[in-house]
Amino acid sequence: MPPKGKHFFGAVVVGERGQIVIPKEARELFNIKAGDKLLILGDEEKGIAIVHQRDLLNFVGDLGIAIKE
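(A) A look at the overall build of the protein. Helix and strand counts for the protein stand at two helices and two strands. For the protein, the sequential pattern of α-helices and β-strands runs α-β-β-α. Burial status across the protein gives 7% buried among its 69 residues. Considering only intrachain contacts with a sequence separation of at least 6, the fraction spanning at least 24 residues in the protein is 5%. As displayed, the protein has an accessible area near 6,600 Å², and 57% of this comes from carbon and sulfur atoms.

(B) Quick peek at the side chain of H52. Position of H52 relative to the elements: it lies in strand β2 (residues 47-52). Within the local environment of H52, its side chain forms a polar contact with the side chain of D36, the two groups lying 2.9 Å apart. Among all residues touching H52, those that are not within four sequence positions of it are N31, I32, D36, K37 and L38.

(C) How the structure looks around the environment of Q19. As for its position among the elements, Q19 is in the segment before α1 (24-29). In this structure Q19 touches V13 and V14, once residues within four positions along its chain are discounted.

(D) Spotlight on the packing of aromatic side chains. This model, assessed by the stated rule, comprises one aromatic pair. Ring centres 6.3 Å apart and planes at 75° place the aromatic pair F9 and F30 in the edge-to-face group. Here F30 lies in the loop between α1 and β1 (38-43) and F9 lies in the segment before α1, a separation of 21 residues in the sequence. A relative accessible area of 28% means that F9 is categorised as partly exposed. What makes F30 partly exposed here is its relative accessible area of 43%.

(E) Structural view of a nonpolar patch on the surface. The grouping of V12, V14, I20, I40, I48 and I50 at the surface amounts to a nonpolar patch, some 570 Å² of accessible area in total. Relative to the assigned elements, I20 resides in the segment before α1. Given a relative accessible area of 38%, I20 falls into the partly exposed group.

(F) Just the pairing of β2, in detail. Alignment of β1 against β2, held across six bridges, turns out to be antiparallel. Bridge pairing links L41 to A49 in β2. Turn length for the β1-β2 hairpin, with the two strands adjacent in sequence and antiparallel, is three residues.

Thresholds, definitions, all that
Residues numbered from 1 in each chain as written. Predicted model: local features only at pLDDT ≥ 70, side-chain atom pairs only at ≥ 80, totals over all residues. Heavy atoms only, no water. Helix = DSSP H or I, 4+ residues; strand = E, 2+ residues; numbered from the N terminus. Buried < 20%, exposed > 50% of the residue type's maximum accessible area, 1.4 Å probe, protein only. Contact = heavy atoms within 4.5 Å. Areas by Shrake-Rupley, 256 points an atom, 1.4 Å probe, with all protein chains shown as cover. Polar contact = N/O pair within 3.5 Å; in protein donor to acceptor, adjacent residues only side chain to side chain. Phe/Tyr/Trp six-rings, centres within 6.5 Å; stacked < 30°, edge-to-face > 60°. Patch = residues over 30% accessible without salt bridge, like charges linked within 9 Å, V, L, I, M, F, W, Y side chains within 5 Å. Salt bridge = Lys/Arg side-chain N within 4 Å of Asp/Glu carboxyl O. Pairing = 2+ DSSP bridges.

Remember, this is a structural readout, not a statement about activity or role.
What follows is the structure in structure tokens.
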């Protein structure tokens, strides 16, 4: 069993144009809906991460930084 709050959703296949399908369980857990904007972040040593735009905006807002959308 993974540690609490850590998840393994399985493997996905990257399509010819770089598309991936986010597994349904992950979409439901993280409330990802059609039309949502996701940010793709990268660290050459640690890999890539997908972050919902609202979560990043909430985090930045909590830091007191104003962002214009």
